[in-house]
Amino acid sequence: MSERILITNDDGIDAPGLRWLAKAAQRAGHDVVVAAPMTEASGSSASMTAIEEDGKIVVEPRELAGARNVPAYGVAASPAFIVLLALRDAFGAAPAVVLSGINRGANAGAAVVHSGTVGATLTAAHAGLRGLAVSLDVLTPAAAGGGAPDAIDQADDEKRHWGSAAGLAVQLLPVLAHTPAGTILNLNVPDLHVDGIRGLRRTALARFGQVQVSIAERSEGFVRTAVQAAQENLEPGTDLAALAEGYASVTPLRSPSENRDVRLNLESIRVQTPAF
């Protein structure tokens, strides 16, 4: 019997990428359960947040179009918290693998530290599970419908190439199964028909994210931000460079751990009450 797979995301239970990933995993014969935030939770990283009513976290059964035999739940919680709940049998038997996505937009480079998509898999990895974060690059100009950040919201998400990312994700599951426990694979796929994708590359994380936040206006009592495409030069061998060249990228990640390379001189520090 195949290992149980939890599929979650940070775009919310109604996101098309979630449906496509669930359908692909189900058709590949996997034992799948879906649990995702009721509303968008992008940028939530691995936060443990939830909305409670009378001390209870709201969980609503849902039906996913095209995957009606997959048990699915909308949960009033962040993706990482949903993983934590799943590990405690909140949605049936605990999963052995966590798939997160398909995210609307690449999770590449330094931006992975903020991603709720990746944050869900980091939580799984910390518990010793394997995880696969899946994202569709809707911004790179080479991608259909890509371009400026403000153009993304004007596109019809149902017409994006979710199937390309879902197909690659399912093919990566046997690869993931042969990695050490606690491994995460971060998959980013161009928003192209599968015939237009040049291949799959193992990549490093770029030093910067795909977009940058700047201060558009600052005044007394508030600041207003703006989001724009990063202007940094692409580094060969990184995830963002691969996407720009029409390749899908996969980057192995791991959950936060002790840095044994740092040396600290603590002998001179005295533990005492500070004098003011």
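Everything discussed here concerns the structure shown above.
One structure accompanies this document, and this report is about it.

The rules behind each value
Residues numbered from 1 in each chain as written. Predicted model: local features only at pLDDT ≥ 70, side-chain atom pairs only at ≥ 80, totals over all residues. Heavy atoms only, no water. Helix = DSSP H or I, 4+ residues; strand = E, 2+ residues; numbered from the N terminus. Buried < 20%, exposed > 50% of the residue type's maximum accessible area, 1.4 Å probe, protein only. Contact = heavy atoms within 4.5 Å. Areas by Shrake-Rupley, 256 points an atom, 1.4 Å probe, with all protein chains shown as cover. Phe/Tyr/Trp six-rings, centres within 6.5 Å; stacked < 30°, edge-to-face > 60°. Lys NZ or Arg CZ within 6 Å of the ring centre and 35° of its normal. Salt bridge = Lys/Arg side-chain N within 4 Å of Asp/Glu carboxyl O. Core = buried A, V, L, I, M, F, W, Y, C linked by side-chain atoms within 4.5 Å. Lys, Arg positive; Asp, Glu negative; His and termini not counted. Pairing = 2+ DSSP bridges. Axes fitted to C-alpha atoms, helices over the stretch in contact; angles between N-to-C directions. Polar contact = N/O pair within 3.5 Å; in protein donor to acceptor, adjacent residues only side chain to side chain.

**Considerations on the overall build of the chain**
In terms of helices and strands, the chain carries six helices and 13 strands. Counting only residues that meet the buried cut, the chain has 46% of its 276 residues in that class. The contacts in the chain between residues at least 6 apart in sequence include a share of 75% that link residues at least 24 apart. If you sum the accessible surface of the chain, you get close to 14,600 Å²; carbon and sulfur atoms cover 51% of it.

**A look at the packing of aromatic side chains**
According to the stated counting rule, one finds one aromatic pair in the structure shown. Here the guanidinium or amino end of Lys23 rests over the ring plane of Trp20, the centre of that ring lying 4.3 Å away.

**Some words on the pattern of salt bridges**
The final tally for this structure, using the stated rule, is twelve salt bridges. Here Arg62 makes a salt bridge to Glu60, at a shortest N to O gap of 3.4 Å. When its relative accessible area of 29% is taken as the criterion, Arg62 is described as partly exposed. Its salt-bridge partner being Arg224, residue Glu217 comes within 3.1 Å of it at the nearest N-O pair. Under the relative-accessibility criterion, Glu217 is labelled partly exposed at 35%. Exposure remark for Arg224: the relative accessible area of 43% places this residue in the partly exposed category. Because the salt bridges share partners, they merge into one network encompassing Arg104, Asp157, Arg160 and Asp191.

**Brief notes about the nonpolar core**
Core analysis: the biggest nonpolar cluster contains 38 residues, and Ile7, Val34, Leu99, Ile102, Leu132, Leu187 and Val189 have the highest contact counts within it. Breaking this core down by element, the ones donating at least two residues are β1 (4–8), α1 (16–27), β2 (31–37), β7 (97–104), β8 (130–137), α5 (162–177), β9 (184–190) and β13 (248–253). Leave out the neighbours within four places in its chain, and Ile102 touches Asp11, Gly17, Leu18, Trp20, Leu21, Val134, Ser135, Leu136, Trp162, Ala165 and Ala166. Membership of the second largest hydrophobic core comes to 15 residues, among which are Val33, Phe81, Ile82 and Ala124.

**A look at the side chain of Lys23**
Along the chain, the position of Lys23 falls in helix α1. Notably, Lys23 is buried but unbridged: the nearest opposite-charge side chain belongs to Glu158, and the N-O separation is 7.7 Å. Sequence-distant contacts of Lys23, that is, excluding residues within four places in its chain, are made with Ala65, Gly66 and Ala67.

**Some words on the pairing of β9**
For β9, the tally of buried residues reaches seven of seven residues, placing the bulk of the element in the interior. One ladder, built from seven bridges, connects β8 with β9; its direction is parallel. Bridging across to β9, Leu136 finds its partner in Val189. Across five bridges, β9 lies against β13 in antiparallel orientation. Note that in β13 the partner of Ile184 across the bridge is Leu253.

**Looking at the environment of Val170**
Along the chain, the position of Val170 falls in helix α5. Judged by relative accessible area, which is 16%, Val170 ranks as buried. Once the C-alpha coordinates of Val170 and Ala28 are considered, the two residues, 142 residues apart in sequence, prove to be 7.3 Å apart. Residues contacting Val170, with those up to four places away along its chain left out, are Ala24, Ala25 and Ala28.

**What to know about the sheet that holds β2**
Spatially, nine strands are ordered β5-β6-β2-β1-β7-β8-β9-β13-β10 in an open sheet, and the strand pairing comes out mixed. Every interior strand has two partners, whereas the edge strands, β5 (59–62) and β10 (200–202), have only one. Looking at each pair of strands side by side, their axes are set apart by 20° on average, direction ignored. Bridge count between β2 and strand β6 (residues 72–75): four bridges; the pairing is parallel. Across the sheet, the residue bridging to Val34 is Ala72, located in β6.

**Here's the deal with helix α3 (residues 116–126)**
α3 sits mainly inside the fold: ten of its eleven residues count as buried. Those residues of α3 that sit buried are Gly116, Thr117, Val118, Gly119, Ala120, Thr121, Leu122, Thr123, Ala124 and Ala125. Buried residues along α3 sit in contact with β1, α2 (79–87), β7, β8, β9 and β13. The opening residue of α3, the one whose side-chain oxygen lies 3.1 Å from the backbone nitrogen of Thr117, is Ser115. Positive backbone phi, at 95°, marks Gly128, one or two positions downstream of α3.

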